[in-house]
Amino acid sequence: MEQQIVPEDYRDTLSELFNIGMGKAASSLSDMLNDEIILTVPHLDSMTYDNAMRLFGANKELDIDAVEQKFYGDFSGSAFLFFRGKSSQELVKRILDIDVNNQSADTSELSALEQETLVEVGNIILSACFGCIADVLDCQLESEVPILACGNIHDVLSIERMKFGETPVVLSLSMTFSLPNKLIQGQISLLMTTASVNSLIKELERYIQLYV
Amino acid sequence: MDSCKRVLIVDDSKLTRMIISKIIEENFTDWVVTEAADATSAIEQAQQNQYDFITLDYNMPGLSGYDVYPILHELQTEAHIAVFTANIQKAVKIKFEALGASFYCKPIDQSVILDFFAVEA
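Definitions and limits used
Residues numbered from 1 in each chain as written. Chains lettered and ligands numbered in written order. Predicted model: local features only at pLDDT ≥ 70, side-chain atom pairs only at ≥ 80, totals over all residues. Heavy atoms only, no water. Buried < 20%, exposed > 50% of the residue type's maximum accessible area, 1.4 Å probe, protein only. Helix = DSSP H or I, 4+ residues; strand = E, 2+ residues; numbered from the N terminus. Arc of directions from axis to C-beta. Contact = heavy atoms within 4.5 Å. Polar contact = N/O pair within 3.5 Å; in protein donor to acceptor, adjacent residues only side chain to side chain. Buried area = accessible area lost by both parts, 1.4 Å probe. Salt bridge = Lys/Arg side-chain N within 4 Å of Asp/Glu carboxyl O. Nonpolar A, V, L, I, M, F, W, Y, C, P; charged D, E, K, R; others polar. Axes fitted to C-alpha atoms, helices over the stretch in contact; angles between N-to-C directions. Parallel < 35°, antiparallel > 145°, perpendicular 65-115°, else oblique. Disulfide = S-S within 2.5 Å. Core = buried A, V, L, I, M, F, W, Y, C linked by side-chain atoms within 4.5 Å. Pairing = 2+ DSSP bridges.

(A) The arrangement of helix H3 (residues 65-75) of chain B in detail. All names here are of chain B. For H3, the full list of buried residues reads Gly65, Val68, Tyr69 and Leu72. For H3, the angular spread of the buried residues around the axis is 125°, confining them to a single face. Taken together, the buried residues of H3 touch helix H2 (39-48), strand S3 (53-56), strand S4 (80-85) and helix H4 (90-99). Among the residues of H3, the N-terminal cap falls to Ser64, whose side-chain oxygen and the backbone nitrogen of Tyr66 are separated by 3.2 Å.

Quick look at the structure:
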């Protein structure tokens, strides 16, 4: 087991805040899909960028779809909503009510409409999480317009592309949400500088102290 | 409201358990609080003690709040049991209400908890 960069109490608190945010997002998505979304218990890990790349790169050259949203304020970074396998396609087709069996031959890439839909799903999920974190911690947190990031994991999480200026720390929230008969696996990762992680820990500490 | 109530808090989040405990401590100094981090521990506690109030999470490792609700209800016939969950979908709320459970949305604050405890007032 890799050593965690963020201590357990803070990970537990942040995990619960993401859980609340995901619950709100699931409620919105459930209304859109007119179906219940089954959520699993979230699990939050904190790790170095290199360890995260090793972990995420287990499937190496497979292309992935991710929605990226930069956030800034009392702490800052880039948030990613990853979809595993064909989850992104399954989800947008379900939202757009497209019959997968009647799709044209090339279904390997998302159409423009499907891309827009996926970005909107990412916006709903990530904004709900940011909103919950900002509200509960009573801190300043803004987010930019989300974008779609496609390619292999090295392209998507490229430090050069994100212009971090230093090797970031990765907070990774694993949570599965599924529709009836369709497993859609998503994962949220936050890439933050060490200074930003320390600012986040400070906010979490201030909040936890209210209840000690 | 009678003094010295017994409360069982069932939630895998330490933060949530801390928040509810703190609210009880500040408002009802003589109440006794027991915490359970999962459904199995909650069942064990419910087999050994009688509670007046039980707060129950939905998404937990192992048995969910929905799985354990009927068991706790059977073991604790006199207890008021309410679900406190981040999973606020209508379908989830309907499922719990069909079981007779009160349903509250996270994040938890004092007014939500006091509202639940007021059921006996």
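Picking up where we left off.
(B) Region of interest: the interface of chain B and chain A. With 22 residues of chain B at the interface, the matching set in chain A holds 24 residues. Taken together, the two surfaces of chain B and chain A that pack against each other cover about 2000 Å², and 56% of this comes from carbon and sulfur. Interface area lost by chain B to chain A is led by Leu15, Asn59 and Gln89 of chain B, which between them contribute 29%. On inspection of chain B and its partner chain A, the count reaches four salt bridges. In this structure, the salt-bridge partner of Lys90 of chain B is Asp31 of chain A, at a minimum N-O distance of 2.9 Å. Among the secondary structure elements, those contributing two or more residues to the side of chain B that touches chain A are helix H1 (14-27) and H4 of chain B. The element contributing the most residues to the side of chain B that touches chain A is H1 of chain B, with six residues. Taken together, the residues that form the side of chain B that touches chain A break down as 11 nonpolar, five polar and six charged.

(C) Examining the environment of Leu114 of chain B more closely. All names here are of chain B. Tracing the chain through its elements places Leu114 in helix H5 (residues 110-117). Note on Leu114: relative accessible area 26%, which makes it partly exposed. Once the C-alpha coordinates of Leu114 and Ile20 are considered, the two residues, 94 residues apart in sequence, prove to be 9.9 Å apart. Setting aside anything within four residues of it in sequence, one finds Leu114 in contact with Ile23, Asn27 and Phe28.

(D) Summary view of the packing of H2 of chain B against H3 of chain B. All names here are of chain B. Following both chains from N to C, one finds H2 and H3 inclined at 10°, their axes separated by 10 Å at the closest point. Accordingly, the angle class assigned to the pair H2 and H3 is roughly parallel. When H2 is examined against H3, the residues Ala39, Ala42, Ile43, Ala46 and Gln47 are found in contact with a partner set consisting of Val68, Ile71, Leu72 and Leu75. Tallied by class, residues from the contact of H2 with H3 come to eight nonpolar, one polar and no charged.

(E) Up close: the state of the cysteines. Residue and element names in this part refer to chain A. The full count for this structure, using the stated rule, is zero disulfides over all chains. In this structure Cys129 is a free cysteine whose sulfur lies 7.5 Å from that of Cys132, the closest cysteine sulfur available. According to the relative accessible area criterion, Cys129 is buried, its value standing at 0%.

(F) Spotlight on the environment of Asn49 of chain B. Assignment of secondary structure puts Asn49 of chain B in the loop between H2 and S3. Once the C-alpha coordinates of Asn49 of chain B and Thr34 of chain B are considered, the two residues, 15 residues apart in sequence, prove to be 9.8 Å apart.

(G) Representation of the nonpolar core. By size, the foremost hydrophobic cluster in this structure holds 76 residues, and its most contacted members are Leu91, Ile125, Phe177 and Ile188 of chain A together with Phe117 of chain B. At 13 residues, helix H4 (residues 112-137) of chain A tops the list of elements feeding residues into this core. When neighbours within four sequence positions are excluded, Ile188 of chain A is seen to be in contact with Phe18, Met22, Phe80, Leu81, Ile125, Leu126, Cys129, Leu171, Ser172 and Leu173 of chain A. Grouped together as the second largest cluster of nonpolar side chains are 22 residues, Tyr51, Leu56, Val83 and Val92 of chain B included.

(H) Representation of the sheet that holds strand S1 (residues 6-10) of chain B within the structure. Residue and element names in this part refer to chain B. Strand order in the open sheet formed by five strands is S2-S1-S3-S4-S5, and the pairing between neighbours is parallel. Of all strands in the sheet, those with a lone pairing partner are strand S2 (32-36) and strand S5 (102-105), marking the two edges. Looking at each pair of strands side by side, their axes are set apart by 20° on average, direction ignored. Summarising the sheet, S1 and S2 pair through five bridges and their orientation is parallel. When the bridges of S2 are listed, Arg6 appears paired with Val32. Here H5 sits on the sheet and contacts S1, S3, S4 and S5; the angle it forms with S4, its principal contact strand, is near 160°.

(I) Expanded view of the packing of helix H1 (residues 8-33) of chain A against helix H7 (residues 194-209) of chain A. Residues and elements named next belong to chain A. The interhelical angle for the contact between H1 and H7, taken along N-to-C directions, is 85°, at an axis separation of 10 Å. Taken together, the axes of H1 and H7 are roughly perpendicular relative to one another. Contact residues: Asp9, Tyr10, Thr13, Leu14 and Leu17 in H1; Leu200, Ile201, Leu204, Glu205, Tyr207 and Ile208 in H7. Across the contact of H1 with H7, the residue classes break down as eight nonpolar, one polar and two charged.

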